[in-house]
Structures are given as C-alpha cells and as structure tokens.
Amino acid sequence: MPAIDKFERPVFSLRISITNRCNVRCFYCHHDGILPQSYEMTPDEIYRVSKIAADTGVRKIRLSGGEPLIRNDIVEIVEKIATVGFKDIAITTNGTLLGKYAKGLKAAGLNRVNVSFDTLNPETYKFITKRDYIEKAKDGIKKASEAGLYPVKVNMVVMKGINDHEIWDMFQFCKENNAILQLIELLKADNQSSSRFFSEYHFKMDELEEELTQKADEVKTRQFMQDRKKYFIEDGEIEVVKPMDNTEFCKNCTRIRITPDGKIKPCLLRNDNLVDLIEPMRHGYSDEELKKIFLDAIQNREPFFKECSG
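Here the residue numbers are simple positions, counted from 1 along each chain's written sequence. Confidence filtering applies because this is a predicted model: local features only for residues at pLDDT of at least 70, side-chain atom pairs given and counted only at 80 or more, and all residues used for totals across whole chains, interfaces and linings. Side-chain descriptors were evaluated using all non-hydrogen atoms of the structure, hydrogens and water having been removed beforehand.

**Q** Explain the overall build of the protein to me, please; I cannot follow it from the model alone.
**A** Numbering of helices and strands starts at the N terminus; helices are DSSP runs of H or I of at least 4 residues and strands are runs of E of at least 2. Broken down by element type, the protein carries eleven helices and 14 strands. The proportion of buried residues among the 310 residues of the protein is 53%. We call two residues contacting when some pair of their heavy atoms lies within 4.5 Å. Put simply, of all contacts in the protein between residues at least 6 apart along the chain, 70% involve residues at least 24 apart. Surface exposure of the protein reaches about 14900 Å², of which carbon and sulfur atoms provide 47%. To sort residues, take the accessible area from a 1.4 Å probe on protein chains only and compare it with the maximum for the residue type: under 20% means buried, over 50% means exposed, and anything in between is partly exposed. Only the protein chains shown count as covering a residue, and every accessible area follows the Shrake-Rupley method with a 1.4 Å probe.

Encoded structure:
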C-alpha cells in the first residue's frame, strides 16, 4: 500500500532528476541550474533511493533531467532500477540521443518514454533549442517505437506564433510513428527573462479543445492527472496538458521527486522544504533509517494551492 500524506493523498509515483545537464537550450526551459557532474548520484545510489521508495509503496518511477540520456551510464541505471520490481519505469528526454539508446533501454527494463519535441520545422527547432538536432530527435522517436517502448509520447509545448499552426502536422507524424501527442500549455515561470514572454507566446487551449471534442471518436478523462482529456481521433491519440498551477492538480498529486544531488522534493512548486537523503545514505544510514526519512518527507507534503485542502 502506498504511503498517505496528511491530506489523504497516496504517494505511488517517484520522479528522479538524474542530472541537470542538457545538450539543448530551449528558451522556455525552467532552468533549475547546472550542477557539476560530481554532484550527481551514482547508479548504485539511484538504485538504493528507488528501493527505499518502493518500500514505502511507490510503484511507478520516471527518470528525468536535464537530459537523462546525457549520462553514459543511463542503461545501467535503468537495469538496476528494473530489479526493484516497479509497475512502470519511464524516461522523459529530448530524444536526440534516444536513437542510440532505445534498444538498450528497452532490454534493460524501460517501459515507456516521453519525448519533448515541439516542431517539425528545422528552423523553428533551431530557434527553440539553439541546436541543429531535429533529425536526431525524429530518429529517436522512430527508434523508440521500433524498440517496443510503449507508449511513446511526444510532448509538444504549443506557442503562439511559433508552432501553433503545426499541431495537426505533428499529430500526423505521431500517428505514423505509433506515438501519442501531448499538447502542453505554456507554463508561466518566474525565471523567464522577459516579463512579456508568457503573454507573447501563450496559446490558450480552449478553442482547440472544442475542436478536438468535435473531431474525436472518443474522449476519456484521466483521473489523478488533473482530469486531463484524451482525444481519440482517426486511430490517433491527443492529450492536452494544462498548467499545474491549479487546485485540481494539487488535490490529485500522487508524486514525490528527487533532485540530482539526492534531495527529496515533496512539492514540485517549492524549494524551501527539501529533505536530504543522499548525505545520510553516504554516512551509513540503514535502509530502515532512510525509509523513515522518506516517510517524513511525504508528511511534509502540502497542497501548494491551499483551496484543495479545505
């Protein structure tokens, strides 16, 4: 059974950022800062963190970054995690190195992958990422599907005047490669350099969702995932992901996170209540002592948007 926090929310999902390093520079990224490689956890430490989490009832795990595939020990990391017995192991990646690793990751025990990929236009891709890697990213999506990773989800951040006209082209690309398209509404972030950034590029999803509803053969609602809608259209699938700054997200949050330097992050939107797990581990704490730290961190969880707690 998963651990329950003080607001009666079960915690059965763990996201581990295994690096803050990245090989692209997307202009909308939330940049948590670049840590030296020596601060990253080793594969054995990531395995032990995963095992402790599983002992508290976590049954799903996702590796993210930065760009997780930038680590040359990524297959070893997945291989070790897979021995724990999670129901689901996933990775979020920009896809540029996925062509190289897809088969090895699948063989190591990876179940599925989310690929951040916003455009099919080479010039737009270069504008967004500051890199000329579009063919590598497309190849990564194709190779992931061919390797049997399922589902392959393509995360497209929709931006007004940049790629909002490409939605149906991207849907077709996803259908051709047995991938699911996730349309991500732009999130307002404090560290974006221009105060006009959000208003300049934000694409409101309301009219699009009306169009999707009209075209869909079937619509499903995902519980525990902000009640997101999944639209099934002509043998393809589109999911719309709204910003997380709402009470529905907090009320249904089942996740806890680990930073690249081994700190437990009880809330995605807060950095003032991190709980250090890696230093106690490195100082010889037992699994039971580490489990207590993990459970205490779960009890530190509280809704960022307070309305959902009342």
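**Q** Help me understand the side chain of His202, please; the structure alone is not making it clear to me.
**A** Position of His202 relative to the elements: it lies in the loop between helix 7 (197–201) and helix 8 (206–215). A polar contact of 2.6 Å, which involves the side chain of His202, links it to the side chain of Glu185. Look past the residues within four positions of His202 in its chain and what remains in contact with it is Lys160, Glu185 and Leu186. What qualifies as a polar contact is a pair of N or O atoms within 3.5 Å, subject to a donor-acceptor requirement within protein and to the restriction that residues adjacent in sequence count only when both atoms come from side chains.

**Q** Looking at this structure, I do not really get the state of the cysteines. What am I missing?
**A** Working definition: the covalent bond between the sulfur atoms of two cysteines is a disulfide. A pair of cysteine sulfur atoms is labelled a disulfide when the two atoms are within 2.5 Å. Under the criterion given, the structure shown has zero disulfides. The structure places no disulfide on Cys26, whose sulfur is separated from the nearest cysteine sulfur, that of Cys22, by 6.6 Å.

**Q** Teacher, can you tell me more about the environment of Asp272 here?
**A** Here Asp272 shows up in the loop between strand 13 (263–265) and strand 14 (275–276). Accessibility expressed as a relative area gives 61% for Asp272, which makes it exposed.

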